[in-house]
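# Tertiary structure, described
Here is what each chain is made of, one letter per residue.
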Amino acid sequence: MAIRRLSYRLVQEPDTGAVRPIPAEPGERQEKGEIREFGAAVERIIGAGSGLSYSLLPDGGRLLCAALPGRRVEALHLGADTPGPGPVWPIDTWRSAAWDPGAADTLAAGFVESELPVPEAHFDRARLVDFARAHADRVAPFLTDVRRLFDDPAGRQIVLVEEDPETVAHWVALACASLPEAYVPALTFTTGTTDPHGAPQQIIGIGPAAGFDRADEATVTYLYRVHDGTGGPQSPPAEFDAWAELAAERWISGNPPRPAAGAAVGAGDAFALLPLISGGIGTGTGTGKGTEAGAGGEGAAGALSGADLAGLGGDRLRKVFDALTRSVVRGEADSRTLDALEHLCRGLEGEQALAARSLALALVKRHLDAPRAHDALPDLTVFEGLPLGQEAWRQLREEYGARADDALRRSLRGPVPTWAEPLRLALAVGADGGPGLAEAMDRLASSLLRPDRRDCAHAVRVLEEVDHLPFTHRVLRLLIVDFTDRKLDRLRELARSPQGDWLRRHIDEAPLTVRLAEAAARWTGPPDHLRGAELFRRLTELLPGQRVTDVTTLRLLWHIVWRNTPPDRAEQPWIARTCTPRLIVEADLGRRVIGWLGDPDRCDPELVGFARDMRDDGLLGATDRHTADLLVTAQDLADGRLGVTRSSLERLEELFRKVSPKSPILRQGIGERVGRALAGANPLDVCEHGLRLLFTAGPELLGTYRAYFLDERTRDRLLRELPHQAAELAAYFHVWRPRRRHGVSEDWRRTAAELLDEVLAPVLVHVDEHHLGRVATVLQRENQDVQEWTAWRHQIKQRYA
């Protein structure tokens, strides 16, 4: 091993004006032979420049030269067999007090790393983070060109144009802190020179006034890679480099990378992205003596996170993740790096999460395809939270779903309690469409419907252990497939069993049928003991809108509450109105509430509609059918659907003979409708066809008939119209004239007398002699008693005289 320290001073040639170094006065360790041996090399490297330079010599040695104030040059030579630089970089000696002339005595004869010149102001990571942030736009392009120095040994030199050499020194330190450790000794540089074309180093620092034509396109495009910090022309941007981009972002984010330690390898491996994520953590390379910016002390490095990628976006962000993905696919990542990448992916959001989908998928496949996992069921639950995306999950289901489903089917041959783990893993890998999962659901549902057997409890335990709510809900939906009375009974038994607590915990997501059966089982027991319409009412509160709106739900509710037993007669009106008569008929349940027709709470359009629909029921009894027909016929007469004709009134009289409603409400409703029909009909039709019906009518019909004519509006209308309508006037007189013959009820006699006196008498005052004569003619033509008309007319005339 050899280490020599030499001192020079700069002199100017009197003839040419050139400045060159000459040996200083020799000290103890500066023999004249040594001065002559390295003088030419020092002269070639230092030239007329000033600053710090580090160069490689043809024999493999290294030469570190510092041009110092006072026109002095200090040189440190390390032989080819001298290891180093260890924990100290050559650039760390920038402005070091160790370059003072008296410092040479501190160097021992043998090489000791700690005896190299050390800095007064070390380039620690905190300082470099501040520098990178201050030059954020230039860091990635600079590191891209630094990498290319090693990708191509004949690569173009980097020219840094800066106002002062100290800025160049910071750039060199940033490169050293980013490069793999084995490459740092090979990085040559000069912080300042006035002859850049003659400088042999890889990184050349110059000032704005140096003799370097930056305006020459060939110079900046083909000969050098120029980075101008003073605003001048620069080289075109280099091709995208993921390593440089990621390293730059880590510096700018304040979480700088820890380059990997160890011997140099191929450039493609050394500059892979993975070492920037996990390599070199805790190795203490280079600037490791300093305090880690944003980290927890010497040798520490923070894990890569989305914050370290904040400056990347769009295509640049995607390319970084694509490069990471390729490294994982090629198997270049160790377990620590895979864990770091997984941790990174879990913390991403937005654009970063989208860009990381390919990496997340590669991590999952790496896990599932590992030799130790090949014969095991694929467990994706450990990767929940990774930004996989729907397409990635689809790929995973296609590649691994069949494997998990096959294993599940095999496990179903064993006891129910052993199904939990294979079922959980099959669900995790998304084997939704497989036959194994379908069979498992069917068998679990069947077990739940046998609460009297132990498999029911085992099925509940499996569902609890799997803890997969969508799967549990699917099993609950299977409970109502091919629903029968027996299944309803078993659902109630399940609700009352020890497993009922589990059912109630999931009841909100269960099918409506299961919810209704569970509620019925609960409410029919203590403390409620609900039955009949009260139970029906409570169950309807569970329905959307709290009312029955479809046939299927009505049949289900009916079956739960009454099975095949009709509801109590007193409950039927409420049930019919709650469910609507039309829905009850459509559900073929009309005969169950037919008692409502014979004994309604009120006679309204709903009851009439129910009666109209039930007339077509071929299984309806004769009495109920005649009652329905009677009510509908009365309604049709009142609405004008049926005219007051011989056939319609004969049909009505026939129905009255076949059935006599016992309910006063129904009798009242029918009578009112017939009374309204006869009162509003043409009096000529009533005179011809309706007299017999009026003569024998009860108070329900006659009350409505009488009220119609005594209404002020009706009386006013007749007072205006009848004086000019002889035929109608004659008809009203014939209908209302006094009768004493057998078959005429006393109620009719009183009603007719009142109407004749209160309605027709006032009209007679306004009839002229001509129309009075026409009335008599009409009566005579119809073979009616003209003398009775004449006598009544004179009687009324005397009253109003």
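Let me begin by describing the structure that accompanies this report. (Residues numbered from 1 in each chain as written. Predicted model: local features only at pLDDT ≥ 70, side-chain atom pairs only at ≥ 80, totals over all residues. Heavy atoms only, no water.)

### Examining the pairing of strand β4 (residues 62–68)
Our working rule: Relative accessibility under 20% of the residue-type maximum defines a buried residue, over 50% an exposed one, and the middle range a partly exposed one, all with a 1.4 Å probe and only protein chains included. Only DSSP runs of H or I reaching four residues or more are called helices, and only runs of E reaching two or more are called strands; each is numbered from the N terminus. Think of it this way: DSSP has to see at least two bridges between two strands before they count as a pair.
With seven of seven residues buried, β4 lies mostly within the body of the structure. Every second residue of β4 is oriented toward a common face, with Arg-62, Leu-64, Ala-66 and Leu-68 on one face and Leu-63, Cys-65 and Ala-67 on the other, all of them buried. The pairing of strand β3 (residues 52–56) with β4 spans five bridges and is antiparallel. Within the sheet, the bridge partner assigned to Tyr-54 lies in β4 and is Leu-64. Pairing geometry for β4 and strand β5 (residues 72–78), over seven bridges, is antiparallel. Among the inter-strand pairings, Leu-64 is bridged to a residue of β5, identified as Leu-76. Counting the residues between successive antiparallel strands, the hairpin from β4 to β5 contains three residues, one of them, Gly-70, with a positive phi of roughly 80 degrees.

### Considering the packing of aromatic side chains
Where we set the bar: For Phe, Tyr and Trp, where Trp contributes only its six-membered ring, two rings pair if their centres lie within 6.5 Å, and the inter-plane angle classes them as stacked under 30 degrees, edge-to-face over 60, or tilted in between. Two conditions define a charge located above a ring, namely a distance within 6 Å from the ring centre to NZ of Lys or CZ of Arg, and an angle within 35 degrees of the ring normal.
Scanning the entire structure with this criterion turns up 19 aromatic pairs. Between Phe-131 and Trp-171 the ring centres are 4.9 Å apart and the planes differ by 80 degrees, which places this aromatic pair in the edge-to-face class. Taken together, the positions of Phe-131 in helix α2 (residues 125–134) and Trp-171 in helix α4 (residues 165–178) put the pair 40 residues apart, joining distant regions of the chain. Comparing Phe-131 with Trp-171, the two get one shared label, buried. Measuring from ring centre to ring centre gives 5.2 Å for Phe-733 and Trp-789, while their planes differ by 75 degrees; the resulting arrangement is edge-to-face. Residue Phe-733 is found in helix α34 (residues 726–736), and its partner Trp-789 is found in helix α37 (residues 786–799); the two are separated by 56 residues along the sequence. Considered together, Phe-733 and Trp-789 belong to a single accessibility category, that of buried residues. The ring of Trp-523 is capped by Arg-538, whose NZ or CZ atom sits 4.2 Å from the centre of that ring.

### Here's the deal with helix α35 (residues 746–764)
Going by this rule: Expected span of a helix: the number of residues minus one, times 1.5 Å. Throughout, the bend at a residue refers to the angle made by two axes, fitted to the seven residues ending there and to the seven starting there. In this analysis, two residues are considered to be in contact whenever any of their non-hydrogen atoms come within 4.5 Å of each other.
Between its first and last C-alpha, α35 extends 26 Å over 19 residues, near the 27 Å set by a 1.5 Å rise per residue. The largest bend in α35 comes to about 30 degrees, at Leu-756. Of the positions making up α35, those classed as buried are Trp-748, Thr-751, Ala-752, Leu-755, Leu-756, Val-759, Leu-760, Ala-761, Val-763 and Leu-764. For α35, the secondary structure elements touched by its buried residues are α31 (683–695), α32 (699–710), α33 (712–721), α34, α36 (769–781) and α37.

### Here's the deal with the packing of helix α22 (residues 532–540) against helix α24 (residues 572–579)
Put simply, the rule reads: Angles here are taken between N-to-C directions and fall from 0 to 180 degrees, while the axes themselves are lines fitted to C-alpha atoms, restricted in helices to the stretch in contact. Orientation labels follow simple angle bins: below 35 degrees gives roughly parallel, above 145 gives roughly antiparallel, 65 to 115 gives roughly perpendicular, and whatever is left gives oblique. Helix crossings fall into two classes, left-handed where the near helix is turned counterclockwise from the far one by less than a right angle and right-handed where it is turned clockwise.
Axis separation between α22 and α24 bottoms out at 10 Å; the angle between their running directions is 20 degrees. Put simply, α22 runs roughly parallel to α24. Regarding α22 and α24, the two cross each other, and that crossing is left-handed. Seen from α22, the contacting residues are Ala-533, Phe-536 and Arg-537; seen from α24, they are Trp-574, Ile-575 and Cys-579.

### Quick look at the pairing of strand β9 (residues 225–228)
Along any regular strand, the residues point their side chains to alternate faces of the sheet. Neither face of β9 is open: one carries Arg-225 and His-227, the other Val-226 and Asp-228, and all of them are buried. With four bridges connecting them, strand β6 (residues 158–161) and β9 associate as parallel partners. In the strand pairing of β9, Leu-160 is matched with His-227.

### Things to note about the pattern of salt bridges
In plain terms, the rule: Salt bridges, as used here, are contacts in which a Lys or Arg side-chain nitrogen is within 4 Å of a carboxyl oxygen on Asp or Glu.
Per the stated rule, a full pass over the model turns up 49 salt bridges. Linking Asp-315 and Lys-319 is a salt bridge whose minimum nitrogen-to-oxygen distance equals 3.2 Å. Within this pair, Asp-315 and its partner Lys-319 are both found in helix α9 (residues 314–329), separated by four residues, close to a single helical turn. According to the relative accessible area criterion, Asp-315 is partly exposed, its value standing at 38%. Here Glu-464 and Arg-505 are joined by a salt bridge, their closest N and O atoms 2.6 Å apart. Taken together, the residues Glu-464 in helix α17 (residues 454–466) and Arg-505 in helix α20 (residues 500–505) connect sequence positions 41 residues apart. Here Glu-464 falls in the partly exposed class, since its relative accessible area comes to 39%. Sharing partners across several salt bridges, the network here consists of Arg-577, Asp-601, Arg-602, Asp-604 and Glu-606.

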